[in-house]
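# What the coordinates show
The primary structure of each chain is shown beneath.
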Amino acid sequence: MPTSLEPALFDRVEEGLKDVIDPELGVNIVDLGLVYDLTWDDENDALIISMTLTSAGCPLTDVIEEQTAQSLDGIVERFRINWVWMPPWGPERITDDGRDMMRAIGFSI
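Thresholds applied
- Residues numbered from 1 in each chain as written.
- Predicted model: local features only at pLDDT ≥ 70, side-chain atom pairs only at ≥ 80, totals over all residues.
- Heavy atoms only, no water.
- Core = buried A, V, L, I, M, F, W, Y, C linked by side-chain atoms within 4.5 Å.
- Buried < 20%, exposed > 50% of the residue type's maximum accessible area, 1.4 Å probe, protein only.
- Helix = DSSP H or I, 4+ residues; strand = E, 2+ residues; numbered from the N terminus.
- Contact = heavy atoms within 4.5 Å.
- Pairing = 2+ DSSP bridges.
- UniProt positions renumbered as here; feature names shortened; annotations may be inferred.
- Expected span 1.5 Å × (residues − 1).
- Arc of directions from axis to C-beta.

### Concerning the nonpolar core
Membership of the largest hydrophobic core comes to 26 residues, with the highest contact counts inside it found for V13, L17, I29, L38, L47, I49 and L72. For this core, the elements supplying multiple residues, two or more each, are α1 (7–17), β2 (35–41), β3 (46–51) and α2 (61–72). Residue contacts for L38: discarding those within four places in its chain leaves L5, F10, V13, E14, L17, L47, I48 and I49.

### Structural notes on the pairing of β2
Along β2, five of the seven residues are buried, which leaves the element largely enclosed by surrounding structure. Sheet topology places strand β1 (residues 2–4) next to β2; three bridges connect them, and they run antiparallel. Residue T3 lies in a different strand from β2, and its bridge partner there is W40. Counted between consecutive antiparallel strands, the loop separating β2 from β3 contains four residues, among which D45 sits at a positive phi close to 50 degrees.

### Looking at the UniProt feature "domain: MIP18 family-like" (unreviewed entry) in the protein
In this structure's numbering, the residues bearing the UniProt feature "domain: MIP18 family-like" (unreviewed entry) are residues 11–72. Across residues 11–72, helical content stands at 31% and strand content at 21%; the span's end C-alpha atoms are separated by 12 Å.

### With respect to α2
Here α2 contains 12 residues, and its C-alpha end-to-end distance of 16 Å stays within 8% of the 16 Å for a straight helix at 1.5 Å per residue. Regarding α2, the residues found buried are I64, Q67, T68, S71 and L72. Along the axis of α2, the buried positions cluster into a sector of 120 degrees, meaning they face one direction only. Exposed and facing more than 90 degrees away from the buried side of α2 are D62, E66 and Q70. The inward-facing, buried residues of α2 abut α1, β3 and β4 (79–83).

And the structure:
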């Protein structure tokens, strides 16, 4: 049964995940609003990252999983990505920082 992360661990994980850059948009997955939830799986002693992609057909899940492993090295020993498609991602989920980053690379958002 997943449980909530302690606030300090949540912050460390979220900060680490900001190093995971969406290969298509060039902005991190946190500020894009792709991370829906972070929980802990007590049974398997692992972080569960519930997240989505900007499109269900994105061929780059392996790249994101590899970047996630690198970004969480030293923060958690094990993690699992739970790919979620509902609710679908939309630009309204992008943070203000994410919008600034997208504007800086030429997106009009």
